[in-house]
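Each chain, letter by letter, is given below.
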Amino acid sequence: MPPSTLNRIRILLTCYSRPESFPLSTASSNTGITLSDIQCDRFTQIAAATWLPTTTTVSATTRQFNPSLVVEIYRTELTVKSGKKTVPLQRVMMLEVSQYLENYFWPNFDPKTATFEHVMSMILMINKKV
């Protein structure tokens, strides 16, 4: 088997052997994000399918933009949950690692048609960068 195939198998085995790390939103806010967390997180899988370039001929901006994905990500991952006081920063960090802002959100952002979730997502992502 080629090394890349072996590496993919190793990553999958790691992800499935650590179900407690998937999704990261269940982890405590004091823990850092590990490479294994990144590889196993659902954002990594969504990013690979949606906004990360796959080849030199297929850029992320040529893929179809889905505004409902932005709304879903905001509502399920970036909103303050009951009993908590702040936005889950680990989820924002995971989006940052997956290059959500640069490859998907910003190139497709239209201020004329942007929803509340789009604007708030933009604010959260830019605040994380600053």
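Here, the structure is the one placed above.
Worth saying up front: this structure is predicted, and the values here are computed from it rather than measured. (Residues numbered from 1 in each chain as written. Predicted model: local features only at pLDDT ≥ 70, side-chain atom pairs only at ≥ 80, totals over all residues. Heavy atoms only, no water.)

A. Geometry of the nonpolar core. Of all hydrophobic cores here, the largest spans 21 residues; its most connected members are Trp51, Ile73, Leu78, Leu95, Tyr100 and Tyr104. Those elements giving two or more residues to this core turn out to be helix H3 (42-50), helix H4 (67-78), helix H5 (89-97), helix H6 (100-105) and helix H7 (116-129). Considering every element that reaches this core, the biggest residue donor is H4, with five residues. Sequence-distant contacts of Tyr100, defined by excluding residues within four places in its chain, comprise Trp51, Val70, Ile73, Leu95, Phe105 and Met125. (Core = buried A, V, L, I, M, F, W, Y, C linked by side-chain atoms within 4.5 Å. Buried < 20%, exposed > 50% of the residue type's maximum accessible area, 1.4 Å probe, protein only. Helix = DSSP H or I, 4+ residues; strand = E, 2+ residues; numbered from the N terminus. Contact = heavy atoms within 4.5 Å.)

B. View of a nonpolar patch on the surface. A cluster of nonpolar side chains, Trp106, Ile126 and Val130, forms an exposed patch at the surface whose accessible area comes to about 360 Å². One can find Val130 in the segment after H7. (Patch = residues over 30% accessible without salt bridge, like charges linked within 9 Å, V, L, I, M, F, W, Y side chains within 5 Å. Areas by Shrake-Rupley, 256 points an atom, 1.4 Å probe, with all protein chains shown as cover. Salt bridge = Lys/Arg side-chain N within 4 Å of Asp/Glu carboxyl O.)

C. Geometry of the pattern of salt bridges. This structure, assessed with the given rule, holds four salt bridges. Measuring nitrogen to oxygen at the nearest pair gives 2.7 Å for the salt bridge that ties Arg91 to Asp41. Of the two residues, Arg91 sits in helix H5 while Asp41 sits in the loop between helix H2 (35-40) and H3, which places them 50 residues apart along the sequence. Here Arg91 and Asp41 have matching classes, each one buried. When the shortest N-O distance is used, the salt bridge between Arg75 and Glu117 registers 2.8 Å. Of the two residues, Arg75 sits in helix H4 while Glu117 sits in helix H7, which places them 42 residues apart along the sequence.

D. Quick peek at the environment of Arg42. Positionally, Arg42 belongs in helix H3. With 52 residues separating them along the chain, Arg42 and Met94 place their C-alpha atoms 9.5 Å apart. A polar side-chain atom of Arg42 sits 3.1 Å from a polar atom in the side chain of Glu77. (Polar contact = N/O pair within 3.5 Å; in protein donor to acceptor, adjacent residues only side chain to side chain.)

E. Representation of the packing of aromatic side chains. Per the stated rule, a full pass over the model turns up seven aromatic pairs. With a centroid separation of 6.2 Å and an interplanar angle of 85°, the aromatic rings of Tyr74 and Phe116 are classed as edge-to-face. Separated by 42 residues along the polypeptide, Tyr74 in helix H4 and Phe116 in helix H7 bring together distant segments of the chain. Accessibility expressed as a relative area gives 10% for Tyr74, which makes it buried. Phe116 gets classed as exposed once you look at its relative accessible area, which sits at 54%. (Phe/Tyr/Trp six-rings, centres within 6.5 Å; stacked < 30°, edge-to-face > 60°.)

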